[in-house]
Amino acid sequence: MAKKKYYLTATLPDGYVKTIGPTAADFTHYWRIVAELPGGRTEVFWGHTKSLADARRKRGAAADAASARGWTRHRFEIVELVKTAG
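Caption draft 1: Representation of unusual backbone geometry within the structure. Of note, the bond from Gly21 into Pro22 is cis; its omega dihedral lies within 30 degrees of zero at 5°. Mapped onto the elements, Pro22 comes out in strand S2 (residues 17-23).

Caption draft 2: Main features of the environment of Asp26. Mapping Asp26 onto the fold places it in the loop between S2 and strand S3 (29-36). Overall, Asp26 belongs to the partly exposed group, its relative accessible area being 40%. As for Asp26 and Lys50, which are separated by 24 residues in sequence, their C-alpha atoms are 6.1 Å apart. With sequence-adjacent residues up to four places away left out, Asp26 is seen in contact with Lys3, Tyr6, Lys50 and Lys83. Among the polar contacts listed, one links the side chain of Asp26 to the side chain of Tyr6, at a separation of 3.4 Å.

Caption draft 3: Inspection of the sheet that holds strand S5 (residues 73-80) at higher detail. Read across the open sheet, the three strands follow the order S4-S3-S5; overall the sheet is antiparallel. The open sheet is flanked by strand S4 (42-49) and S5, the only strands paired with a single partner. For this sheet, the mean angle separating the axes of adjacent strands, direction not counted, is 15°. When S3 meets S5, the two strands line up antiparallel, connected through eight bridges. Each bridged residue has a counterpart across the sheet, and for Ile33 the counterpart in S5 is Phe76. Taken strand by strand, helix H1 (residues 52-69) contacts S3, S4 and S5, and its axis lies near 170° from that of S5.

Reading guide: rules and limits
Residues numbered from 1 in each chain as written. Predicted model: local features only at pLDDT ≥ 70, side-chain atom pairs only at ≥ 80, totals over all residues. Heavy atoms only, no water. Helix = DSSP H or I, 4+ residues; strand = E, 2+ residues; numbered from the N terminus. Buried < 20%, exposed > 50% of the residue type's maximum accessible area, 1.4 Å probe, protein only. Contact = heavy atoms within 4.5 Å. Polar contact = N/O pair within 3.5 Å; in protein donor to acceptor, adjacent residues only side chain to side chain. Pairing = 2+ DSSP bridges. Axes fitted to C-alpha atoms, helices over the stretch in contact; angles between N-to-C directions.

See the structure below:
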């Protein structure tokens, strides 16, 4: 029997809302990196994980990427995903 599909919604502190789905995957957290580049430009990287611990591990990778890519600064955010019926 196929797993029931649903939508996952992440609401970030700045009001941005990201909806993922429909999906049957057991994702629990959404992470986002907002990187500021020289010259005032920004890049955004995001993903979702199956645990808070997995999402927290991305923080170290973000710091490494900041130095390797020459970001002037970056913001790393994690929020819990909320399931809604699909």
